[in-house]
Amino acid sequence: MLVAFYKRHNPGQVTQVDDIMNAYTVEAIQESCMSRYNVDPFKPLPMAAMEPDAAERRAMLVAFYKRHNPDQVTQVDDIMGAYT
């Protein structure tokens, strides 16, 4: 949940979530986020806010095909177009 929060409010902190969770209590993190962003980081986001945008979906699909079927990487845009 904290990763999703930082992806939305401060992407530069995403890679530090584990360190933050180890260094601070949940209450301290919550208080800090409330004072900085006026948002409770532990309150669930609406589903629409958690959906990846088109660029993120494309990047995930490219990564998938690079690993599992590299020949399809060049077809990602066509594949995405067929299902949108």
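You'll find the structure just up there.
Residues numbered from 1 in each chain as written. Predicted model: local features only at pLDDT ≥ 70, side-chain atom pairs only at ≥ 80, totals over all residues. Heavy atoms only, no water.

Peer 1: In this structure, what is going on with the layout of surface pockets? I would like to understand it.
Peer 2: In this model, the second largest pocket occupies a volume close to 160 Å³. No other element matches the five residues that helix α3 (residues 26-37) contributes to the lining of the second largest pocket. Grouping the amino acids of the lining of the second largest pocket by side-chain chemistry returns six nonpolar, three polar and one charged. (1 Å grid on protein atoms, 1.4 Å probe; cavity = no way out; pocket = protein on both sides within 12 Å on 5 of 7 lines; lining within 4 Å. Points joined across faces, edges and corners; volume = space filled by probe spheres on them. Helix = DSSP H or I, 4+ residues; strand = E, 2+ residues; numbered from the N terminus. Nonpolar A, V, L, I, M, F, W, Y, C, P; charged D, E, K, R; others polar.)

Peer 1: Any chance you could explain the packing of helix α1 (residues 2-9) against α3 here in plain terms?
Peer 2: For any two helices packed against each other, the geometry comes down to the angle between their axes and how far apart the axes lie. Look at α1 against α3: their axes get within 13 Å of each other, and the N-to-C directions meet at 20°. When the axes of α1 and α3 are compared, the pair comes out roughly parallel. When you trace α1 past α3, the crossing you get is left-handed. Facing α1, whose interface residues are Leu 2, Phe 5, Tyr 6 and His 9, α3 presents Ile 29, Cys 33 and Tyr 37. Class assignment for the residues of the contact of α1 with α3 results in six nonpolar, one polar and no charged. (Axes fitted to C-alpha atoms, helices over the stretch in contact; angles between N-to-C directions. Parallel < 35°, antiparallel > 145°, perpendicular 65-115°, else oblique. Left-handed = near helix turned anticlockwise from the far one by under 90°. Contact = heavy atoms within 4.5 Å.)

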